[in-house]
Structures are given as C-alpha cells and as structure tokens.
Amino acid sequence: MTATGAQTQLALFGSQPAFPEPVHVGRPNIGDRAALMQRFEDILDSRWLTNRGRQVQEFEKRLAERLGVKHCIAMCNATIALEIVTRALEMKGEVIVPSMTFIATAHALQWQEITPVFCDIDPDTHTLDVERVEEMITPRTTGIVGVHVWGRPCDIEGLTDIAKRNNLKLVFDAAHAIGCGHRGRAIGGFGDAEVFSFHATKVLNSFEGGAVTTNDDALAEKVRLMQNFGFAGLDNAIHIGTNGKMSEISAAMGIVSLDSFDDFVACNKRNYLQYLNELGDIPGLRFVRYDENESNNYQYIVLQVDEEKAGLSRDALIKVLQAENVLARRYFWPGCHRMQPYRSYYPHAHLLLPNTEKVASQLLILPTGTTLGATEIATICAIVRQALALAAQVSQHLASHP
Ligand SMILES: *Cc1c(COP(=O)(O)O)cnc(C)c1O
C-alpha cells in the first residue's frame, strides 16, 4: 500500500454521518391531519372529553368489525389492559409468559403479585415453545400469556390445547399484531382475550392507547366494569376497579389512524421487501420473514446477526449504524428475566431460557414506517453491507497474517 491510501475517503465513520438527523425505530405513523383536526373540534364542541363518548364508541365498533370479534374495549394503554384482563380472568399464583417480550408483559403480572414464570421460545418463531410451556406448569399455574411478537402469531392451537387440558386461562399480548392474521382469521378473537397496544411507536397509534378484545360476553362486561372504577351506574360501584379509560382525543387519533391503516401497512411492506431484496442473501444475516399467505402489518424489520458467519457482532453493527445516525434497537435485549426486579427474584431463570438468551443477543431492529422511503432504506442497507464487507476484509487479513 502506498501513501495514497491515506487520501481515500472512508464512508464508514466519515466526518459526517450518512443521515444528518437521527433515524429512529418506531417513529409514529400519522394519518389525515385535517380529519384529525375536525375530530378535535367536534370533541371540544361536544364538551365530552372522556368516559366513553362518541369517538371511543366509534373506535371500539370499527375495531371490533375489522377484527371480527364480538367485544372491543378501548383502554388507556396495553399495560393497564393486561392488568385488568388478567385480573378479570382471576389469574393468580403463577402465569407462564415468554421473557422475549417488552417488559410490560411481565410487569402487568408482577404488579398484581402474580409470578411471571418465564418460558423459552422457539428459536425460529420467537414465540412460546409449547413443549416448554407444558413443562413449566405447576399446581400454582393459573394461566398463560402468549405474545405475538413482531406480529407473528403464537402457536395458537398448541397453546389453546394446553390451556384446555390444564384448565388454564389463555390471554394473548397482541401489542404488535393489529392487522395480522392466523389461518385466515384476524388476531383479536383467540384465547380468552387478546390485548392490543396503540402506543405512538406501534403501527396504529392513538398517542397512548390499547384495547381488550374478546368473544366472551361475561368477561367483556367485567373488563368494562373494572376499567371504570367498578361503576355500574352513577353513584353505584359494584366491583373493585381502576381507571383504564381511553380519552376522546386518543380515540379520534385511533380512528384517523385506522382510516390510513392500509396505507401504513403498504408502506411497511414496501420497506420490508426492499430490505429483504438488498440484504436478504448476506451470509450471517437472517430476517424475520412474514407469512405471505396471512395478513401482516410488517411493522418490525428484525435482523438476526450470527457473528461467526457475518464476521461482526450484533452490537458492533449497532454501533456502526448509530455512528451514521441510524438508531437501530436491540428489542428485547437482555430479556425480561435479566431486568429488575426479575433478575433478583429469579437469578437462575436464564438456565431454562437458552433460545431466549441466544436470540436476544442477536436481534437488531431496523427503522421502517411511513417516514422512510426507498432512498433512506437504500442508504441504511449500504451501511450494513459496507460494515460487513469491511469486517470480512479484516478477518481475511488476519487469516493471511497469522
Ligand atoms: C408496547 C408493548 C406493550 C405495552 O403497551 P403500552 O400500550 O405502551 O402499555 C406490551 N407488550 C408488548 C409486547 C409491547 O410491545
């Protein structure tokens, strides 16, 4: 190599990052602003701001229709929704959950002094491994909370069968799964109930928000009571309750988002296909794939990095991306069982979670959504390709200079 090498401009770690502004995972999708403003005006004119006004009623009705489910109860967020529904189902003692989930799934149980028993996942689907679930059942087990992580459904038949045989309640955390299907049926009608999140980072948002969906009339009635202080009428509480209500402005945002939902998904799908196309055949990189025979929302671009084959660890790749202002994330590293209070309560939990541990150390979530177009995705893919190409050069060099 001559001195001219010093003049070569390195794209990686150049003086300017590839993106002048940070590119985030989970930037909110926003629908028709004029329609949203009109709804805000209607809310203010009506002076009905919360307590199941017109917006909440419309949002619930539209969701229930879209999901083909009898009852939809809009909630202030999915965490409170999980707390209410597991309590309404009288779960107690131990409940089996994956550790490969957002911490709220575990917290919603622990908050009620129910023990979340962390169960391992299938390394390919990232959802609960039903054989492991069966092994985790004890006389104290009262239920299972499965998570349709990345919007890909759990083994619903397997879990339903285990729940039936062992007399357990079955709830699905469907926070990722609005608009997703399983065997041609929309997520929302499985198990005893399902819980959605409409947090700002989710594909469909209501600023903050969530919903419980169920086909069980009695459960729906109980959830409604519990989300509204147990009130059966003015001045008449008939049950213990809390405040899980969705406000009217959140519902308005939810409705407007629902109107644009198919556009959001179309955009996500374009981005997903471009990522697959540009990075799909690189050794050591594997994308979580969506089943094209089912409905999907394509909200999560999930890359699994195998350090040995890729020549670069997941964490090194994240750092390279961050240097270019691409703020990729490590969902759900290090797993709930390695966060507090669970790591203190159950310090040996990881011994039963080998797949969770491995997957959590390899996953990287790339940005997508309506704020990103083909040019931005191409740039992100170029950064990843260059980083891996450089890593390969370094290992070749090391191999030839032992
Ligand atoms: C976002 C999320 C939640 C919590 O939703 P909130 O509406 O923010 O309370 C729960 N579970 C999973 C898997 C999530 O991704």
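Residues numbered from 1 in each chain as written. Predicted model: local features only at pLDDT ≥ 70, side-chain atom pairs only at ≥ 80, totals over all residues. Heavy atoms only, no water.

Undergrad: Talk me through helix 4 (residues 103-110); I want residue IDs and the actual numbers.
TA: The element helix 4 is extensively covered by neighbouring structure, given that seven of its eight residues are classed as buried. Turning to helix 4, its buried residues are I103, A104, T105, A106, A108, L109 and Q110. Turning to helix 4, the residues buried within the fold contact helix 3 (78-88), strand 3 (94-98), strand 4 (115-119), strand 5 (141-147), strand 6 (169-173) and helix 12 (342-345). (Buried < 20%, exposed > 50% of the residue type's maximum accessible area, 1.4 Å probe, protein only. Helix = DSSP H or I, 4+ residues; strand = E, 2+ residues; numbered from the N terminus. Contact = heavy atoms within 4.5 Å.)

Undergrad: Got a sec to walk through the side chain of Q55? Specific residues and values, please.
TA: Along the chain, the position of Q55 falls in helix 2 (residues 54-67). With sequence-adjacent residues up to four places away left out, Q55 is seen in contact with R39, D42, I43, E248, A251, A252 and I255.

Undergrad: Account for the nonpolar core, naming residues and giving values.
TA: In terms of nonpolar packing, the biggest core is built from 90 residues, with W150, L321 and L366 touching the most fellow members. The element that contributes the greatest number of residues to this core is helix 14 (residues 374-400), accounting for eight residues. Mapping this core onto the domain boundaries places at least three of its residues in each of domain 1 (33-259) and domain 2 (261-400). Here L366 is in contact with V25, Y275, F287, I301, L303, L321, A328 and I380, once residues within four sequence places are set aside. By size, the runner-up hydrophobic cluster in this structure holds 33 residues, among which are M75, V97, V212 and A220. (Core = buried A, V, L, I, M, F, W, Y, C linked by side-chain atoms within 4.5 Å. Domains from an automatic or database assignment.)

Undergrad: So what's going on with the domain arrangement of the chain? Residues and values would help.
TA: Entries for the chain in the domain assignment read domain 1 (33-259) and domain 2 (261-400). Summarising the inter-unit geometry, the C-alpha centres of domain 1 and domain 2 are found 27 Å apart. Listed as interface residues are 38 residues of domain 1 and, on the opposing side, 36 residues of domain 2. Here domain 1 packs against domain 2, burying approximately 3200 Å² in sum over the two surfaces, 61% of which is carbon and sulfur. In this assembly, domain 1 and domain 2 are joined by two salt bridges. Notably, a salt bridge pairs D262 with R66, separated by 2.9 Å at the nearest N-O pair. At the junction of domain 1 with domain 2, the criterion picks out 19 residue pairs in polar contact (both at pLDDT 80 or more). At the level of secondary structure, the elements contributing two or more residues to the side of domain 1 that touches domain 2 comprise helix 4, strand 4, strand 7 (181-182) and helix 8 (248-259). In terms of residue class, the side of domain 1 that touches domain 2 is built from 18 nonpolar, 13 polar and seven charged. (Buried area = accessible area lost by both parts, 1.4 Å probe. Salt bridge = Lys/Arg side-chain N within 4 Å of Asp/Glu carboxyl O. Polar contact = N/O pair within 3.5 Å; in protein donor to acceptor, adjacent residues only side chain to side chain. Nonpolar A, V, L, I, M, F, W, Y, C, P; charged D, E, K, R; others polar.)

Undergrad: Talk me through the site of the ligand; I want residue IDs and the actual numbers.
TA: In the vicinity of the ligand lie 14 residues, with T79, D173, H176, S197 and K202 positioned nearest. Between an oxygen atom of the ligand and a side-chain N or O atom of T79, the distance comes to 2.6 Å. Measuring from a nitrogen atom of the ligand, one finds a side-chain N or O atom of D173 at 2.7 Å. Bound to the protein, the ligand loses 93% of the 380 Å² it would expose on its own. Taken together, the residues of the shell around the ligand break down into four nonpolar, eight polar and two charged. (Near = heavy atom within 4 Å. Areas by Shrake-Rupley, 256 points an atom, 1.4 Å probe, with all protein chains shown as cover.)

Undergrad: Any chance you could break down the packing of helix 9 (residues 261-279) against helix 14 for me, citing the residues and the numbers?
TA: To characterise two packed helices, one gives the angle between the axes of the helices and the distance between these axes. Where helix 9 contacts helix 14, the two axes come as close as 10 Å, and the packing angle between them is 30°. It follows that helix 9 is roughly parallel to helix 14 by the angle criterion. In the packing of helix 9 onto helix 14, the handedness of the crossing is right-handed. Contacts between helix 9 and helix 14 involve N271, Q274, Y275, E278 and L279 from the first element and A374, I377, A378, I380, C381, V384 and R385 from the second. When its residues are assigned to classes, the contact of helix 9 with helix 14 shows eight nonpolar, two polar and two charged. (Axes fitted to C-alpha atoms, helices over the stretch in contact; angles between N-to-C directions. Parallel < 35°, antiparallel > 145°, perpendicular 65-115°, else oblique. Left-handed = near helix turned anticlockwise from the far one by under 90°.)

Undergrad: So what's going on with the sheet that holds strand 6? Residues and values would help.
TA: Strand pairs in the sheet, formed through backbone hydrogen bonds, run parallel or antiparallel to each other. Taken together, seven strands build an open sheet; the order of strands is 2-10-9-6-5-3-4 and the sheet is mixed. A single partner strand is all that each edge strand has here, and the edge strands are strand 2 (71-75) and strand 4. If you compare each strand with its neighbour and ignore which way they point, the axes differ by 25° on average. In the packing of helix 2 onto the sheet, the strands contacted are strand 2, strand 9 (193-197) and strand 10 (210-214), and the crossing angle to strand 2 comes to about 135°. (Pairing = 2+ DSSP bridges.)

Undergrad: Before we move on, could you go through the packing of aromatic side chains and cite the residues and values that matter?
TA: Scanning the model with the defined rule gives 12 aromatic pairs in all. Ring centres 5.7 Å apart and planes at 50° place the aromatic pair W150 and Y300 in the tilted group. In this pair, W150 is assigned in the loop between strand 5 and helix 6 (156-166) and Y300 in the loop between strand 13 (285-287) and strand 14 (301-305), connecting sequence segments 150 residues apart. A single burial state applies to W150 and to Y300, both of which are buried. Joined through ring pairs, the aromatic side chains of F102, W150, Y300, Y331 and F332 make up one cluster. Across from the ring centre of F102, 5.9 Å away, lies the NZ or CZ of K202, which sits over that ring. (Phe/Tyr/Trp six-rings, centres within 6.5 Å; stacked < 30°, edge-to-face > 60°. Lys NZ or Arg CZ within 6 Å of the ring centre and 35° of its normal.)

Undergrad: Can you explain the environment of H199? Please cite residues and give values.
TA: Tracing the backbone shows H199 in the loop between strand 9 and strand 10. Distance in space between the C-alpha atoms of H199 and P354 is 30 Å, their sequence separation being 155 residues. With residues up to four places along the chain from it excluded, the contact list for H199 reads L204, N205, F207, E208 and G209.

Undergrad: Please set out the packing of helix 1 (residues 33-46) against helix 2 residue by residue, giving values where relevant.
TA: Running from N to C, helix 1 and helix 2 point in directions that differ by 135°, and their axes come no closer than 10 Å. With respect to each other, helix 1 and helix 2 are oriented oblique. Across the interface between the two elements, R39, D42, I43 and S46 of helix 1 pack against R54, Q55 and E58 of helix 2. Here the residues of the contact of helix 1 with helix 2 are counted per class, giving one nonpolar, two polar and four charged.

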